[in-house]
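Residue-level structural notes
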Amino acid sequence: ARAALGRRNLVFVGLMGAGKSAIGRMVAGQLGLPFVDTDMEIERVSRMTISELFAAYGEDEFRALETRVIKRLLKSGPRVVSTGGGAFINERTRKQIERGGISLWLNADLDVLWERVNKRDHRPLLKTENPKKTLEDLMQKRYPIYALADITVLSRDVRKEVIANEVLAAII
Ligand code: S3P
């Protein structure tokens with residue numbers, strides 16, 4: 001699988017809770033490539049949490065920063081990169097991802113996503129009256145766009161090793 005990637009990055013896209021970071025990290029280990037999570041990188045360079053960034057500057061500024069961070073990360077690959085859920089939805093960022101790597105959508109259904117995100121409160125987009133409905137709306141809006149990714153892997157409620165193996169099989 002590593003040979004099939006060549007010098008390209010492997011970029012995980014998909015909604016929050018799909019497992020991009022957990023599975024991305026595992027796949028990176030198996031490929032012997034460095035792993036980076038774009039949200040963590042954004043938090044590192046801005047010295048703020050994602051929630052603080054949203055609150056202080058708003059979503060548009062966050063997207064602009066996200067684009068810059070991703071562009072830089074993809075330039076110095078190959079790496080396995082997990083992106084924030086909105087990155088691939090933003091046209092500019094999507095073009096960068098398409099240019100800089102193979103995109104892989106972790107497609108999960110609502111119950112799987114909800115199970116994983118409802119325990120945590122660090123997602124600013126889900127601070128709404130009815131976060132499950134918000135998640136469902138995001139699925140409706142975004143799934144046609146995630147479907148543009150080079151590869152799709154179903155992220156089901158099984159051990160992450162199983163999904164990681166499916167990812168490796170898919171990129172050969
Ligand atoms: C977002 C997803 C988050 C984070 C930000 C916005 C989104 O990343 O980038 O809260 O627009 O879906 P995760 O997908 O890693 O939770």
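Everything that follows concerns the structure shown earlier in this document.
Residues numbered from 1 in each chain as written. Predicted model: local features only at pLDDT ≥ 70, side-chain atom pairs only at ≥ 80, totals over all residues.

Turning our eyes to something else, we now look at the site of the ligand. In the vicinity of the ligand, the contacting residues are M16, D39, I50, G84, G85, G86, R123, P124 and L125. Tallied by class, residues from the shell around the ligand come to four nonpolar, three polar and two charged. (Near = placed C-beta within 6 Å. Nonpolar A, V, L, I, M, F, W, Y, C, P; charged D, E, K, R; others polar.)

Attention now goes to the nonpolar core. Counting residues in each nonpolar core, the largest one holds 36 residues, and the members touching the most others are V13, L104 and L106. If you list the elements that add at least two residues to this core, you get β1 (9-13), α2 (20-31), α4 (50-75), β3 (80-82), β4 (101-107), α6 (110-117), α7 (131-146) and α8 (160-170). Those residues in contact with L104, other than ones at most four positions away along the chain, are L10, V11, F12, V13, A149, D150, I151, V153 and V167. (Core = buried A, V, L, I, M, F, W, Y, C linked by C-beta atoms within 7 Å. Buried ≥ 20, exposed ≤ 12 C-beta atoms within 10 Å, placed from the backbone. Helix = DSSP H or I, 4+ residues; strand = E, 2+ residues; numbered from the N terminus. Contact = placed C-beta atoms within 7 Å.)

Attention now goes to helix α3 (residues 38-46). For α3, the complete set of buried residues consists of T38, D39 and I42. For α3, the angular spread of buried residues about the axis comes to 105°, placing them on one side. Packed against the buried residues of α3 are β2 (35-37), α4 and β3. Following α3 by one or two positions, R47 adopts a phi angle in the positive range, close to 55°. (Arc of directions from axis to C-beta.)

Now for the pairing of β4. Burial runs high along β4: six of the seven residues are buried. In this sheet, β4 lies alongside β1 in parallel orientation, the contact comprising five bridges. Across the sheet, L10 pairs through a bridge with I102, a residue of β4. Summarising the sheet, β4 and strand β5 (residues 151-154) pair through four bridges and their orientation is parallel. Bridge pairing in β5 links L104 to I151. (Pairing = 2+ DSSP bridges.)

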